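Chain and residue survey
So you can see what is in the structure, the chains are spelled out below.
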Amino acid sequence: MYNNDNNKGKYGSFPDPFAPFSKKISKSYGLKYAKSIEKQWGSYTDEKSLFRRRYSDFETNRDYANGTQDTSIYKQILNSLDPNNGDGTLLNLDWSPVPIVPKFVKIVVNNILSRKPYPNVRAIDPLSQSDKDKERAKKMFEVKNRQLISQMQDMGVETGTNLKEVPETPEEAEIFMDTNIKTAAEIAAQVGTNITLEWNDFDQRVYRRAVNDLVSCGIGVIKRNNDPNYGISEEYIDPAYFFHSYTEDPTFSDLVYAGHIKRISISELKRIAGDELTEEQYEKIAQSVKNKYNNNSERLTSRMYDQTQDRTTYGYDEFIVEVMDFEFLSVDDMMFEEKGSKFGNVGFYYKGMEYTPPKESVYDRKPFNMSVQTVFGGSYVVGCDYIYDYGQKANVPKNAHDLTRARLSYSVVATNLRRMMPKSLVASVIGFADQLQLSHLKLQQAIAKAKPDGLIVDVEGLENVQLGKGGELQPLDIQDIYEQTGVFYYRSKNPEGGFQNPPVRSLDNSIRNINELIGIYNHNLRLIRDTTGINEVMDGTSPKGEQLVGVRQQAIAAGNNAIYDITNSAIYLYSRVCEDIVKCLQILPVKSVLFEAYERAIGKTNMEVLSSFGDLPMYNFGVKIQTEMDETEKAYLEQNIQVALSQREIDLEDAMAVRQLKDVDQAERLLIVRRKKRMGMNQQIAQQNSQMQAQANQATAQATSQGRMQEIQMQAQAKIAEIQAKAQADAQLLQLEYGLKGQIESGKAQLNAGMKQQDMQFRKSLESEKDDRKDDRVKKQAVEMSKMIEQRKGNRGELQDEGDSLVDTLTS
């Protein structure tokens, strides 16, 4: 089964799985189970054991992942003559490994961790779905009747709705309900899970190491510890010390047993095991490990009484021992009985794990049994027949809708599992990393063996060189002169008359095969990239300006697809941990210290909702792990936001709301909704502006028309006023003229009247004058006549002229 010849025929040593509960609960049963696991997996010293093969592979992978692999293989390859047993001490090389593999490991690990997974807890039971449907219908009603609710609130009606929190469109409401609509149970489970992860510092202390193991070893292991007094804790487990039952499932969902080996001191063992082991047994344990794990065998017999603690301390208390924590699944029958009573009633009673109905009974009895999975476990001291803390595990989280099934406390996932051996990303590039390291060392060797630029000196040709006066020059003198002055004189012809080459010529030197070695180095680096799928764009080697945006996005997408199995395994592991936490929260004892701690942390109401198992069926939660946007998605989303902002399709508040979302799909959906909403508002504003512009133009035209009318009216009024003024002036002139004429006429009339009166008086006077004159004339005539008569008669003398004085008076 495990390709281990030493374990053949030993698989049947496991204890009987159909043993009764009373036998399974005994320590002898647990000890036999633990020793069977030990035999199946073998020991570290057994080269063929599965435990040793896994341990060796994982340690080798981790050395390459850290850039600290063993360099002896390179020394043996490069030191082919083996002058000093192949240790390579005579080679002047830097044997430090090139840290290429650690770079790719960090890229993958940081790519997963940078997205910051977080749990999204959703209740999937019918009761919770009904509550969510009601809340969804309520929210959609508020969206559709937003104006009516606003009018009612304006009228003073209390509606219980905050319109500021109500979406304006059904599309926006869908996004709102996906992120914010949660029942009370979901909120309680979400808060409880988040605070448990925070208390455990899970992301940094446990999850980071597990993701690193997925990349380096191809498997990640996390163990849950559920203790009502110490809390729900998540513990990192080293895959090299982890063992389990046979499986080919990368999610390890079909495990029957699992466990891990840990190394602790005997003093720590005493603290944990307590009185379950005696001091004599502790001493026997110390004797079994006195020459292992760097334990000092001389301290085995030392003892000292500690007066401050009033106890005896032993020298072997600091010895390191291996302890195997293990647990396994078992199936037990829970017995129930339907029994009648003397009153005719029928009751249903729990009778324990082992129950046999009496053969003779007064009342009718009908037995029922329910097969349930249970978890047993304990701790086994490796190499000794001692076991402690063994028994049936309490507080085992179960699915609310399938209480018969249980699950081990280990959450395990592998990227690729074949024949019980995980295959990791690091293991797939070890061969190429070795070749890359060798090419690097060969390059160093070529550089070390490279000679400086030299000279070719023809000693025979120096005989014909002009040596100057007073002596002979040696060839080295000639070389010094040439190197210091760069000038060399020689005879081009020898004494025989033939031509000869210059006796001193420069010898240029270059590093041999440097281009070939660099090409081999780049070739192996390219093979590592092809194997891992991490291209130049994903690791940032290629500058941004060298490629188009679409090409870079395709390259990043290709890299993400290549490491999807690791990313998906990490998310699945995170999900399994959160599911266990939610189930553990539902079974916390109400009167425990831990329950009170959660009450103070997340509220009494939330804990009452979660722990409602006694009153209502437990909520069935589904945990979906969501991740935050990576840098590429953030950059792409920010680019879309900036484009929308530049075109005024969204405002600053919309951009802030989109950036607050962690999921890129929801962010893009919200951006589309807000963009459509803003475009609709812009259209309305444009229509309003056009209407306002038309109204303004109409108002302007109307104002212009009114101005013209007013101007015409003013002109008419001015003309009317002018006419009125003229008429008034004419009237005044006429009136004045009429007055003057009246006065003239009056004067004339008066004058005429006066003149008439004068005339009349004159006429009167004239008439009277005439009459008087007539009388005078008559008198005068009479006088004259009488005179004449008298004269004729001669009776009298001549009459006097009395009229002369009267004529003179009238004339004046």
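Preceding this section is the structure that the text describes.
Every value quoted in this text rests on a predicted model; they were computed, and no experiment measured them. (Residues numbered from 1 in each chain as written. Predicted model: local features only at pLDDT ≥ 70, side-chain atom pairs only at ≥ 80, totals over all residues. Heavy atoms only, no water.)

Describing the sheet that holds strand E3 (residues 231-237)
Basically, it comes down to this: For two strands to pair, DSSP has to find at least two bridges joining them. Strands are runs of DSSP state E lasting at least two residues, helices are runs of H or I lasting at least four, and both sets are numbered from the N terminus onward. In this analysis, axes come from line fits to C-alpha atoms, helices being fitted only over the stretch in contact, and the angle between any two N-to-C directions falls in the range 0 to 180 degrees. Contacts were defined at the residue level, with two residues in contact if any of their heavy atoms lie within 4.5 Å.
One open sheet accounts for three strands, arranged E3-E2-E12; its pairing is antiparallel. Each edge of the open sheet is held by one strand with a lone partner, namely E3 and strand E12 (410-414). Between one strand axis and the next, the sheet turns by 20 degrees as a mean value, whatever way the strands run. As paired strands, strand E2 (residues 219-227) and E3 are joined by seven bridges and run antiparallel to one another. Looking at E3, one finds that Asn 225 is bridged to Ser 233. Here helix H10 (residues 202-216) sits on the sheet and contacts E2, E3 and E12; the angle it forms with E3, its principal contact strand, is near 30 degrees. Each of E2, E3 and E12 touches helix H17 (residues 564-586); the most contacted strand, E12, lies at about 165 degrees to it.

Some remarks on the pairing of E2
Under the convention used in this document: Buried means the residue's accessible area, taken with a 1.4 Å probe over protein chains only, is under 20% of the maximum for its type, while exposed means over 50%, and partly exposed covers the values in between.
With respect to burial, E2 is a largely interior element, seven of its nine residues being buried. Relative to E12, E2 runs antiparallel, the two sharing five bridges. Looking across to E12, one finds that Ile 222 is bridged to Ser 411.

Examining the packing of helix H3 (residues 50-66) against helix H13 (residues 430-449)
Test applied: The labels follow the angle: roughly parallel below 35 degrees, roughly antiparallel above 145, roughly perpendicular from 65 to 115, and oblique for the rest. In this scheme, a crossing is called left-handed if the near helix is turned counterclockwise away from the far one by less than a right angle; it is called right-handed if the turn is clockwise. Amino acids are sorted into nonpolar (Ala, Val, Leu, Ile, Met, Phe, Trp, Tyr, Cys and Pro), charged (Asp, Glu, Lys and Arg) and polar (every other residue, Gly among them).
Between H3 and H13, whose axes approach to 11 Å, the crossing angle comes to 45 degrees. As the angle between them shows, H3 and H13 are arranged oblique. Between H3 and H13 lies a crossing whose hand is left-handed. In this structure, H3 contributes Thr 60, Asn 61 and Tyr 64 to the contact, and H13 contributes Ile 430, Ala 433 and Asp 434. For the contact of H3 with H13, a count of residues per class yields three nonpolar, two polar and one charged.

So, a nonpolar patch on the surface
For clarity, the cut-off: In this analysis, a patch consists of residues with relative accessible area above 30% that form no salt bridge, clustered at 9 Å for like charges and at 5 Å for the nonpolar side chains Val, Leu, Ile, Met, Phe, Trp and Tyr. With residues, only the protein chains shown are counted as cover, and all accessible areas are computed by Shrake-Rupley using a 1.4 Å probe. In the sections that follow, a salt bridge refers to a side-chain nitrogen of Lys or Arg positioned within 4 Å of a carboxyl oxygen of Asp or Glu.
A surface patch of nonpolar side chains, amounting to about 370 Å² of accessible area, comprises Leu 733, Leu 736, Leu 740 and Ile 744. For Leu 736, the location among the structural elements is in helix H22 (residues 664-793).

Let's talk about the side chain of Asn 535
By secondary structure assignment, the location of Asn 535 is in the loop between helix H15 (514-532) and helix H16 (549-562). Not counting the four nearest positions on each side in its chain, Asn 535 is found in contact with Arg 529, Ala 555, Ala 558 and Gly 559.

Some details on the pattern of salt bridges
A complete count under the given rule lists 17 salt bridges for this structure. Glu 276 serves as the salt-bridge partner of Lys 27, at 2.9 Å between the closest nitrogen and oxygen. Here the residue Lys 27 occupies a position in helix H2 (residues 27-41), and Glu 276 occupies one in the loop between helix H11 (266-273) and helix H12 (279-288), the gap between them amounting to 249 residues. Given the relative accessible area of 35%, Lys 27 is considered partly exposed. One salt bridge in this structure joins Lys 262 and Asp 325, with 2.9 Å as the shortest N-O distance. Residue Lys 262 is located in strand E5 (residues 257-265), and its partner Asp 325 is located in strand E8 (residues 320-340); the two are separated by 63 residues in the primary sequence. Taking relative accessible area as the criterion, Lys 262 reaches 24% and is therefore assigned partly exposed. One continuous salt-bridge network, built from bridges that share partners, spans Glu 59, Arg 62, Asp 213 and Asp 238.

Brief notes about the packing of aromatic side chains
Under the convention used in this document: Each Phe, Tyr or Trp ring, with Trp reduced to its six-membered ring, pairs with another whose centre is within 6.5 Å; inter-plane angles below 30 degrees give stacked pairs, above 60 give edge-to-face pairs, and intermediate values give tilted ones. Only Lys NZ and Arg CZ are tested; either one counts as a charge over a ring when it is within 6 Å of the ring centre and within 35 degrees of the ring normal.
Taken as a whole, this structure holds 18 aromatic pairs when the rule is applied. Taking 6.2 Å as the distance between ring centres and 45 degrees as the angle between the ring planes, the aromatic pair formed by Tyr 29 and Phe 328 counts as tilted. You can see Tyr 29 sitting in helix H2 and its partner Phe 328 sitting in strand E8, a full 299 residues away along the chain. Its relative accessible area of 1% is what places Phe 328 among the buried residues. On the numbers, 5.5 Å between centres and 50 degrees between planes, the contact of Phe 242 with Tyr 410 is tilted. Taken together, the residues Phe 242 in strand E4 (residues 242-244) and Tyr 410 in strand E12 connect sequence positions 168 residues apart. For the pair Phe 242 and Tyr 410, a shared accessibility class is recorded, and that class is buried. An aromatic cluster of three or more residues is present, and its members are Phe 14, Phe 21, Tyr 29, Tyr 33, Tyr 257, Phe 326, Phe 328, Phe 376 and Tyr 390. A cation sits over an aromatic face here: Lys 75 above Trp 95, 5.7 Å from the ring centre. The side chain of Lys 103 reaches across the aromatic face of Phe 104, ending 5.8 Å from its centre.

Structural notes on unusual backbone geometry
At Lys 116, a position not held by glycine, the phi torsion is positive, near 45 degrees. Counting through the fold element by element, Lys 116 comes out in the loop between helix H5 (101-113) and strand E1 (118-123).

Things to note about the environment of Met 421
The topology assignment puts Met 421 in strand E14 (residues 421-422). Residues Met 421 and Cys 217, spaced 204 residues apart in sequence, show a C-alpha to C-alpha distance of 9.7 Å. Here Met 421 is in contact with Leu 50, Arg 53, Arg 54, Asp 57 and Asn 416, once residues within four sequence places are set aside.

Here's the deal with the packing of H10 against H17
Orientation of H10 relative to H17, taken along the N-to-C sense of each, is 140 degrees, at an axis distance of 10 Å. When the axis of H10 is compared with that of H17, the two are oblique. Regarding H10 and H17, the two cross each other, and that crossing is right-handed. Across the interface between the two elements, Phe 202, Asp 203, Tyr 207, Ala 210, Val 211, Leu 214 and Val 215 of H10 pack against Ile 566, Ser 569, Ala 570, Ile 571, Leu 573, Tyr 574 and Val 577 of H17. By residue class, the composition of the contact of H10 with H17 is 12 nonpolar, one polar and one charged.

Brief notes about the nonpolar core
Side chains that are nonpolar tend, in soluble globular proteins, to be buried together. Cut-off, in case you're wondering: Note on terminology: a nonpolar core comprises buried Ala, Val, Leu, Ile, Met, Phe, Trp, Tyr and Cys residues joined through side-chain atoms within 4.5 Å.
Val 108, Phe 202, Tyr 207 and Tyr 598 are the most contacted members of the largest nonpolar core, which totals 57 residues. Contact partners of Tyr 598, with chain neighbours within four places excluded, come to Gly 192, Ile 195, Thr 196, Trp 199, Ile 232, Leu 585, Leu 588, Gly 603 and Met 607. Counting residues in hydrophobic clusters, the runner-up holds 43 residues, among them Ala 19, Tyr 29, Tyr 33 and Val 412.

Shape is all these values report; function is a separate question.
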